[in-house]
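# Commentary on secondary and tertiary structure
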Amino acid sequence: MKINVIGGGPAGLYFAILMKKADAAHQIRICERNGPNDTFGWGVVFSGKTLANLRTADDVSHAEITKEFEAWDNVDVVHRDAKISIHGNSFSGIARLQLLNILQRRAEQLGVEIDFRTEIHDVEALRSDCDLLLAADGVNSTVRSRYAEQFQPALDLRANRYIWYGTHQLFHGLTLTFRENSAGVFAAHSYKFSPTTSTFIVECDPQTWTKTGFEQMSSEQTLDYVGEVFAQDLNGHKLLSNNSKWINFLLVKNRNWFFENVVLIGDALHTAHFSIGSGTKLAMEDAIALAESFQLNASVSEALAHFEKTRRPVIEDYQAAAFESMRWFENAGEHMHLSPIELAYVLMTRSGRVSYEDLKRRDPAFISEYELSHGLHG
Ligand SMILES: Cc1cc2nc3c(=O)[nH]c(=O)nc-3n(C[C@H](O)[C@H](O)[C@H](O)COP(=O)(O)OP(=O)(O)OC[C@H]3O[C@@H](n4cnc5c(N)ncnc54)[C@H](O)[C@@H]3O)c2cc1C
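Residues numbered from 1 in each chain as written. Predicted model: local features only at pLDDT ≥ 70, side-chain atom pairs only at ≥ 80, totals over all residues. Heavy atoms only, no water.

## Topic: the pattern of salt bridges
Stated formally: Here, a salt bridge means any side-chain nitrogen of Lys or Arg that lies within 4 Å of a carboxyl oxygen of Asp or Glu. In DSSP terms, a helix is any run of H or I states spanning at least four residues, a strand is any run of E spanning at least two, and both are numbered starting from the N terminus. The buried label applies to any residue whose accessible area, calculated with a 1.4 Å probe on protein chains only, is under 20% of its type's maximum; exposed applies above 50%, and partly exposed to all values in between.
Counting across every chain of the model gives 25 salt bridges. Close ionic contact of Arg-29 with Asp-115 constitutes a salt bridge, the shortest N to O distance being 2.6 Å. Residue Arg-29 is located in strand β2 (residues 27–31), and its partner Asp-115 is located in strand β8 (residues 113–115); the two are separated by 86 residues in the primary sequence. Judged by relative accessible area, Arg-29 falls into the partly exposed class, the value being 25%. One salt bridge connects Arg-312 with Glu-316, and the closest N-O pair in it is separated by 3.5 Å.

In structure tokens, the structure reads:
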């Protein structure tokens, strides 16, 4: 089969690896607008379950990825200067660039052709020259816009703003920090992803953003201001910018996932709010599901129909949980009257995927403390 892939992010690279592994005769070409070492952002997070899926799909890249991991089992919630830790949550972090480099090497080893610094404008030309065109071109997908009539995307630009920084302050766990000042509430999502660096994403609602006057601030002023808001948490370390800018989260869904020989995958197909940290995981698991569909079906059209049929319910379930989580952060101000332990409990159960019973099993000490605070004990 001749496969053209637009986008050399986690989804495109991983699909190419799995297809080439399944049949070395496939001709696979990835077109990627960036160079191999240009990337946005800092680290990405995987859960324990995702890692098991990656091991089954390709143990070679799994071994490389896990060698680079920073692992932890706690979610920390910081509110009114108190830190509450909830254990029993298995997560690992890796630098996005490191992950991409591992996948690039593995794909090239297997014989996938990667054309870096190749931006695709004429999607139709690429589509007519292959059996399968994989649109793995991310949240602002050119392919999705080009064939909007076929895919019928639903795009929902949310009101909250967020900015993705790094820092050398190490957060040994997924840390959710809340700080308030006269402008409003700021939430930081942070975790270490290497021995020296953490991701530090800051989010606030549009009223807080406007009241602070971010619109008039330069990038340096913004960085200094945000650093000041979280000064206690950063412990003297500076925030690090990677051309960091305020963004509004774009929620992406598509009525149709494929047509003829074109299929969407990863962020081009769907997004899930970063507060459940699952974009890369979903992109790579899409690749696994799509490659499996090609194993199970003889024709491209049957494989694509199988992919949509089996994968859509999983994605809809995730997007529903991520939506609840996103709404929680959009309304974070409403929860600031809670005590730290109450806030931690509400945060852990916000998406509806983690219950009281789950928490009791994962971290009985946390639940005892929570019950004590509510006078629920003996
Ligand atoms: C603030 C923030 C925090 C996040 N945190 C996490 C996290 O903790 N954990 C996690 O798992 N995920 C996280 N994500 C999500 C994650 O970054 C994405 O969900 C994931 O990278 C999706 O993979 P992808 O391959 O579908 O798309 P991308 O990684 O976006 O890759 C798309 C690729 O296509 C290329 N491309 C686009 N258009 C063209 C074109 N026309 N021609 C050629 N190339 C093109 C781009 O250069 C890019 O390399 C976060 C995202 C944000 C914004």
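## A word on the packing of aromatic side chains
Put simply, the rule reads: Pairs were defined over the aromatic rings of Phe, Tyr and Trp, the Trp ring being its six-membered one, requiring ring centres within 6.5 Å. Orientation was assigned from the angle between planes: stacked under 30 degrees, edge-to-face over 60, tilted for the rest.
In total, this model carries 20 aromatic pairs according to the counting rule given. Between Tyr-162 and Phe-274, the ring centres sit 4.4 Å apart and the planes meet at 50°, which makes this aromatic pair tilted. Residue Tyr-162 is located in strand β10 (residues 153–167), and its partner Phe-274 is located in the loop between β17 (262–264) and α11 (279–296); the two are separated by 112 residues in the primary sequence. With respect to burial, Tyr-162 and Phe-274 carry one shared label: buried. Summarising the aromatic geometry, the rings of Phe-186 and Tyr-225 are spaced 6.2 Å apart at their centres and angled 55° between planes, so their arrangement reads as tilted.

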